[in-house]
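Each chain, letter by letter, is given below.
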Amino acid sequence: MDLLKKRILEDGKAIGENIIKVDEFLNHQVDPVLMDEIGKEFKRLFKDSNITKILTIEASGIAIGAFVALHFGVPLVFAKKTKSLNIDEDVYSTSVYSFTKKTDYDVKVSRKYLSDEDNILIVDDFLANGRAALGLVDIVCQAGAKVKGIGIVIEKGFQEGGRILREKGYRVESLAVIDHMGNGEIEFKS
Ligand code: G4P
Ligand code: NA
Ligand code: NA
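Rules of the game
- Residues numbered from 1 in each chain as written.
- Chains lettered and ligands numbered in written order.
- Predicted model: local features only at pLDDT ≥ 70, side-chain atom pairs only at ≥ 80, totals over all residues.
- Helix = DSSP H or I, 4+ residues; strand = E, 2+ residues; numbered from the N terminus.
- Rg over C-alpha atoms; globule rule 2.2 N^0.38 Å.
- Buried ≥ 20, exposed ≤ 12 C-beta atoms within 10 Å, placed from the backbone.
- Contact = placed C-beta atoms within 7 Å.
- Expected span 1.5 Å × (residues − 1).
- Near = placed C-beta within 6 Å.
- Nonpolar A, V, L, I, M, F, W, Y, C, P; charged D, E, K, R; others polar.
- UniProt positions renumbered as here; feature names shortened; annotations may be inferred.

Visitor: Help me understand the overall build of the protein chain in this model?
Guide: In terms of regular secondary structure, the protein chain is built from six helices and 10 strands. Relative to a compact globule of 190 residues, whose C-alpha radius of gyration would be 16 Å, the protein chain shows 16 Å and is just as compact. Looking at the protein chain as a whole, 37% of its 190 residues qualify as buried. Considering only residue pairs separated by 6 or more positions, the protein chain has 59% of its internal contacts joining residues 24 or more positions apart.

Below is the structure:
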């Protein structure tokens, strides 16, 4: 998505070789015009998938998810992060390892909001090692719903998440894939 790549080059900041800050338009301040275009693009990519719900994870997935949901005309559900494993019977829950925080956290979704009739599009702002996305996939499977695809705004192509999810057979669509970073430069996969 050219508009997004242009914005990443203009306002994104590479921190070393692994982290990109996009607080100007995605992770802290949010540009609604760009979010609307992102929503439109995911709708174009998944228009034939009969999507019934968008699923993301708090916090930074929510802004994107809301715009995507609006374009599909379906609800957004966001998984909540919790401190302790939830043994509540009213929720689907799973454990996710965070490489950045070097610890596990638990994620839950109320059973009320996912059912075996749902066709789910998972969306998130970043795809790095893929643990958050795999956690969401697990929750969809627990509900007996179908994962129709995974829509990512920025995939870090040099980390393993994209490969793992695609090898498992999921359709992953990333609007910008970063090939590598360094010396303050950001290079995309074409
Ligand atoms: P993984 O799910 O792909 O395995 O990701 P990882 O544990 O490496 O990343 C954890 C958090 O860091 C996620 O947000 C993810 O979106 C974010 N993240 C990963 N790489 C980058 C990056 O290069 N730049 C920025 N800005 N964020 C990155 P989170 O902890 O779930 O937090 P939030 O959604 O509440 O903000
Ligand atoms: Na996120
Ligand atoms: Na984040």
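Visitor: Which parts of the structure should I look at to understand helix α5 (residues 131–142)?
Guide: What sets the pattern is the α-helix's 3.6 residues per turn: residues three or four places apart point alike. Here α5 contains 12 residues, and its C-alpha end-to-end distance of 17 Å stays within 8% of the 16 Å for a straight helix at 1.5 Å per residue. Listing the buried residues of α5 in full gives Ala132, Ala133, Leu134, Gly135, Leu136, Val137, Ile139 and Val140. In the stretch just after α5, Gly144 is the one whose phi turns positive, near 75 degrees.

Visitor: Would you mind showing me how to read the site of ligand 1 here?
Guide: What surrounds ligand 1 is a group of 21 residues, the closest being Phe126, Ala128, Asn129, Arg131 and Ala132. Breaking the shell around ligand 1 down by element, the ones donating at least two residues are β2 (19–21), β7 (119–127) and α5. Partitioning the shell around ligand 1 into residue classes produces nine nonpolar, eight polar and four charged.

Visitor: It is not clear to me how the UniProt feature "binding site: xanthine" (unreviewed entry) in the protein chain should be interpreted in this structure. Could you clarify?
Guide: Mapped onto this numbering, the UniProt entry annotates "binding site: xanthine" (unreviewed entry) at Asn27 and Lys156. Looking at where Asn27 falls in the secondary structure, it is placed in helix α2 (residues 23–27). Discounting residues that sit within four places of it in the chain, Asn27 has contacts with Val22, Ser60 and Asp125. Take Lys156: it is sitting in strand β8 (residues 146–156). Taking the C-beta count within 10 Å as the criterion, Lys156 has 23 such neighbours and is therefore assigned buried. Apart from residues no more than four positions distant in its own chain, Lys156 is found in contact with Leu127, Ala128 and Ile178.

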